[in-house]
Amino acid sequence: MNASKSVLLVIGSGLKLYREYLIRSASARARAAGLELVLINNLKPTWQHPYFDEIHVVNVFDHDKLRAAAREVAARRTVAGLVCYDEPLVMPAAELAAEFGVPGLSIPGVQGCRDKRSTRSRLTAAGVLQPAFEMTDSLDQARAAAKRIGYPVVVKPRALGASMGVVLAADEAALDAGYRVAHEASLIGDEEYRGGAIVEEYADGPEISIDAAVHKGEYLPMFLARKRTGQYPYFEEVGHVIDADDELLRDQELIGTLARAHRVLEIEDGITHTEVRLTARGPLIIEINGRLGGDLIPFVGKIATGIDPGHVLVDAATGTRPDIATTRSGVAGIRFGYPGHDCVVHAVRVPTESPGLVTASPMVDPGTTLRLPPGGYIARHSFVVAEADDPATCDARLEAALALVEIDAAEVEPPPPGTRLEMPAGLLDADA
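The shown structure was predicted, so the numbers you read here are calculated from the model rather than taken from an experiment.

Trainee: What is the right way to read the overall build of the protein from this model?
Mentor: A tally of helices and strands in the protein yields 12 helices and 19 strands. A globule of 432 residues ought to have a C-alpha radius of gyration of about 22 Å, and the protein, at 21 Å, matches this closely. Oriented by its inertia axes, the alpha-carbon framework of the protein measures out at about 65 × 50 × 45 Å. Residues counted as buried form 56% of the 432 residues belonging to the protein. Across the protein, every contact between residues at least 6 apart in sequence was considered, and the portion connecting residues at least 24 apart equals 69%. Approximately 17100 Å² of the protein is accessible, and the part contributed by carbon and sulfur atoms is 49%. Taken as two groups, the 43 positive and 60 negative side-chain charges of the protein have centres that lie 3 Å from each other.

Trainee: When you look at the packing of helix α6 (residues 139–149) against helix α7 (residues 172–186) in this model, what are you seeing that I'm missing?
Mentor: Each packed pair of helices is defined by two parameters, the angle between the axes and the distance between the axes. Orientation of α6 relative to α7, taken along the N-to-C sense of each, is 135°, at an axis distance of 10 Å. Relative to α7, the element α6 lies oblique. Like other packed secondary-structure pairs, α6 and α7 cross with a definite hand, here right-handed. Contacts between α6 and α7 pair L139, A142, R143 and A146 from the former with E172, L175, D176 and Y179 from the latter. A breakdown of the residues in the contact of α6 with α7 according to their chemical character gives 5 nonpolar, no polar and 3 charged.

Trainee: Any chance you could explain the side chain of T274 here in plain terms?
Mentor: Looking at where T274 falls in the secondary structure, it is placed in strand β12 (residues 270–279). Beyond its immediate chain neighbours, meaning those up to four positions away, T274 contacts I208, S209, I210, L258, H262, I285, E287 and I288.

Trainee: Whenever I open this one, the pairing of strand β14 (residues 331–337) confuses me. Can you help?
Mentor: Along any regular strand the residues' side chains alternate between the sheet's two faces. The buried fraction of β14 amounts to 7 of the 7 residues, a majority that puts the element mostly inside the structure. Every second residue of β14 is oriented toward a common face, with V331, G333, R335 and G337 on one face and A332, I334 and F336 on the other, all of them buried. Direction of pairing for strand β11 (residues 236–243) relative to β14: antiparallel, over a ladder of 5 bridges. Considered in β14, the bridge of I242 is made with A332. Alignment of β14 against strand β18 (residues 382–388), held across 7 bridges, turns out to be antiparallel. For G333, the partnering residue across the bridge sits in β18 and is A386.

Trainee: I tried to follow helix α5 (residues 116–125) on my own but got confused; where do I start?
Mentor: Each turn of an α-helix holds 3.6 residues, which means side chains three or four residues apart point in the same direction. All of the buried residues in α5 are K116, S118, T119, R120, R122 and L123. Packed against the buried residues of α5 are α4 (107–114), β5 (133–136), β6 (153–156), β8 (197–201), α8 (252–264) and β13 (282–289).

Trainee: Just to check I follow, could you spell out the confidence of the model for the protein for this structure?
Mentor: A low pLDDT score tells you not to read the predicted coordinates there in detail. Mean pLDDT for the protein: 91, with 93% of residues reaching 70 or above. The model gives residues 426–432 a pLDDT under 50, and that stretch makes 34 contacts with residues more than four places away or in other chains.

Trainee: Before we go on, may I ask you to explain the sheet that holds β12 in this structure?
Mentor: Hydrogen bonds between backbone groups are what pair the strands of a sheet, and the pairing can be parallel or antiparallel. Taken together, 8 strands build an open sheet; the order of strands is β13-β12-β9-β10-β11-β14-β18-β16 and the sheet is antiparallel. Where the open sheet ends on each side, the last strands, each with one partner, are β13 and β16 (357–362). Recorded for the sheet is a direction-independent mean angle of 25° between the axes of neighbouring strands.

Trainee: Mind showing me how you'd approach the packing of aromatic side chains here?
Mentor: Each aromatic ring pair is summarised here by two numbers: the centre-to-centre distance and the angle between the ring planes. Per the counting criterion, the structure on display carries 2 aromatic pairs. For the ring pair Y21 and F299, a centre distance of 5.3 Å and an interplane angle of 65° mean the geometry is edge-to-face. Note that Y21 is positioned in helix α1 (residues 16–32) and F299 in helix α9 (residues 297–305), a separation of 278 residues in sequence. Among the residues examined, Y21 registers a relative accessible area of 12% and is labelled buried. The class for F299 is partly exposed, based on a relative accessible area of 22%.

Criteria and cut-off values
Residues numbered from 1 in each chain as written. Predicted model: local features only at pLDDT ≥ 70, side-chain atom pairs only at ≥ 80, totals over all residues. Heavy atoms only, no water. Helix = DSSP H or I, 4+ residues; strand = E, 2+ residues; numbered from the N terminus. Rg over C-alpha atoms; globule rule 2.2 N^0.38 Å. Buried < 20%, exposed > 50% of the residue type's maximum accessible area, 1.4 Å probe, protein only. Contact = heavy atoms within 4.5 Å. Areas by Shrake-Rupley, 256 points an atom, 1.4 Å probe, with all protein chains shown as cover. Lys, Arg positive; Asp, Glu negative; His and termini not counted. Charge placed at Lys NZ, Arg CZ, Asp CG, Glu CD. Axes fitted to C-alpha atoms, helices over the stretch in contact; angles between N-to-C directions. Parallel < 35°, antiparallel > 145°, perpendicular 65-115°, else oblique. Left-handed = near helix turned anticlockwise from the far one by under 90°. Nonpolar A, V, L, I, M, F, W, Y, C, P; charged D, E, K, R; others polar. Pairing = 2+ DSSP bridges. pLDDT = per-residue confidence, 0-100. Phe/Tyr/Trp six-rings, centres within 6.5 Å; stacked < 30°, edge-to-face > 60°.

Now the structure itself:
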């Protein structure tokens, strides 16, 4: 390794199935800019070796150890930028970026993203359309909040991703069950956000997500995905479709609302993933995440638009205004396979041929237990990615490809109420 070269510091690589496409293009972009890549990761490297010049293995979820490893690198090398797309690590990454004096979302920006109560409070105070909401610390408080807000309401943890623990409650009986689900789900998250639940007004309308770059406060939208959800009354994300020519990308009210929200939260440089409901009152921001979207949305976006999210990551992290011009005008989507009941998976077989099929893959190893909400979340056994000339055809091709997935599994009983959630290894990484 050339000690004279500056480095791009990467906090957490993710798993190969979900993140190698990002690392591959980010590595090429960084090296073209004369940078070397240094990874700090919690797992011993395997597939990562070709993309990094130096790798440190530490428990990145112990933030003291993470900071010590990063500071050791910064003592020897010039850190030109810092990349992180792992939800639990975006705050320590923001703190390190500020310490090293390199571009980042900003600490207030990440706080506004990680803490849904903070997001709601700051956007509401600024006059950005938001649902009525209350943070509650007990079931009695949740009942009173729901009565004031009016049913139906959504009950959710304060700071989790992937719609984990998010429940629609149509009446008080459903609220009681939903509060327990949200509270128990919160216990797998960061300690400072554990316990209680947010109760908020239900925002009716189609849901979308937007992945965007932010450069010196300028909001630069890249991919707009139309979300598909299932597992009512939960909000499991079962698929996404991206149209490079989606008319919403030209909707001044939507883009203006997104840009304003980012300014209010003081998000400065980096990548965000924002979820929005298109309501009769206008676009309502559900949440803003200080990272790229999960669910392979950036991969699908690259297929549809030609925008390379790995290149954008590097540019945003090093203070270069990213080029978000589309080079394709296609449509692409992803759909996830879910079991019909809690089960232990013995085998998953995915199609190799189907109209418009780009790729397909199992998402779990044999012996994995999948549990549907509320006993578990992201209970996916496979995914398929397809492309087409229009969204309707893309949806049809995704359905056809998913119908070709074969799963051998044995049904198991749901866990007893109150059992601590156990996520299948790797699945959270798919959505984080």
